[in-house]
Amino acid sequence: MFTSFLQLIYPRCCLACSQPLLLAEKKICTNCISSLPRPGLFLTSPNWLSNKFGGLIDYQDVHTFFIFSEGARVQKLMHQIKYKGEFELGEFLGAWCGYELSKFPDSMDYDLIIPIPLHQKRLKERGYNQASCIAKGIAQYINAACEDHILIKSTYSNSLIQQNRQDRFTVLASVFDVENINLIQNKHVLIVDDTLTTGATLLAAGEKLLDAGAGKISFLALAALK
Ligand SMILES: [Zn+2]
């Protein structure tokens, strides 16, 4: 009763479409849950997503859970996760993604889930790493542990938005370090990030993990720009 009363005064809204949520709905409304653009997991290669990495690195799978487009609902969700303190939304969407991933037997092939790290300074500012929240959500449903102390971001770099593709590769190649390398030897690592645009960040992280001894790598972004 009291909750319904509060809902009237301070309606909780869907974090994707801003419509008021029903009492039973959490974070995202039922309509958005069923209609957010999801391309499917384990797509046959080559496809628009695998073409972003075409020939640049040896990897097993690349997945995205959502398709990201400017000004649309998925962009709004990603903004909440990264800049509005909605770490619980990251974990919720990660768990949903992990649940869908677990329907494919090939998801049992992943040994470890490693999120793209934030630099320590950025982590202090934000209070959480959004990619870690997503990775922890995924780990609830697939038989692989989330390890966020292996891949480290050692260089504090400003936003890469202004840099061209070549510059991004050059900068990114040197920003990651790998610690506890014994944990990844010959393992199949699923590298997780929140958003995939050019793929440069995942590519740089993947190269670093392969150099350090990972047996196989795969990529997963919660959302990717088509
Ligand atoms: Zn909605």
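Student: Got a minute to help me understand the coordination of the zinc ion in this structure?
Tutor: Reference values for coordination geometry: four tetrahedral donors around a metal ideally subtend 109.5 degrees, six octahedral donors ideally subtend 90 or 180 degrees. Looking at the metal site, the zinc ion is ligated by Cys 14 (SG), Cys 17 (SG), Cys 29 (SG) and Cys 32 (SG), spaced 2.3 Å from it. Sequence positions of the residues that donate to the zinc ion give the spacing C-x2-C-x11-C-x2-C. Here Cys 32 lies in helix 2 (residues 30-35) and Cys 17 lies in the loop between helix 1 (2-9) and helix 2, a separation of 15 residues in the sequence. Classification of Cys 17 by relative accessible area gives partly exposed; the value is 24%.

Student: Quick question: what am I supposed to make of the pattern of salt bridges here?
Tutor: Think of it this way: side chains of opposite charge can pair up when their charged atoms draw near. A complete count under the given rule lists seven salt bridges for this structure. Across the pair Asp 148 and Lys 136 runs a salt bridge, and its minimum N-O distance is 3.7 Å. One end of the pair, Asp 148, is in the loop between strand 3 (145-146) and strand 4 (151-153); the other, Lys 136, is in helix 6 (residues 130-139), with twelve residues separating them in the sequence. Lys 136 sits in the partly exposed class, given a relative accessible area of 41%. Members of the salt-bridge network, linked through shared partners, are Lys 27, Glu 86 and Glu 88.

Student: Can you walk me through the environment of Ile 67 in this structure?
Tutor: Within the secondary structure, Ile 67 is located in strand 1 (residues 62-68). A relative accessible area of 18% places Ile 67 in the buried class. Each C-alpha atom of the pair Ile 67 and Leu 225 lies 6.0 Å from the other, and the pair is 158 residues apart in sequence. The contact partners of Ile 67, leaving out residues within four places of it in the chain, are Pro 37, Pro 39, Trp 48, Val 74, Ala 224 and Lys 226.

About the thresholds
- Per-chain numbering applies: the sequence of each chain, read as written, is numbered from 1 onward.
- Note on the predicted model: pLDDT of at least 70 is required for a residue's local features to be given, and 80 or more for side-chain atom pairs to be given and counted; whole-chain, interface and lining totals, by contrast, use all residues.
- Side-chain measures here rest on the full set of heavy atoms in the structure, leaving out hydrogens and waters.
- For Na, K and Ca the donor cut-off is 3.2 Å, and for all other metals it is 2.8 Å, counting N, O and S atoms only; because water is absent from this set, sites may look incomplete.
- Elements are defined by DSSP. Helices are runs of H or I of four residues or more, strands are runs of E of two residues or more, and each kind is numbered from the N terminus.
- Accessible area is worked out with a 1.4 Å probe on protein chains only. A residue is then buried under 20% of its type maximum, exposed over 50%, and partly exposed in between.
- In the sections that follow, a salt bridge refers to a side-chain nitrogen of Lys or Arg positioned within 4 Å of a carboxyl oxygen of Asp or Glu.
- Every residue pair with non-hydrogen atoms within 4.5 Å of one another is taken to be in contact.

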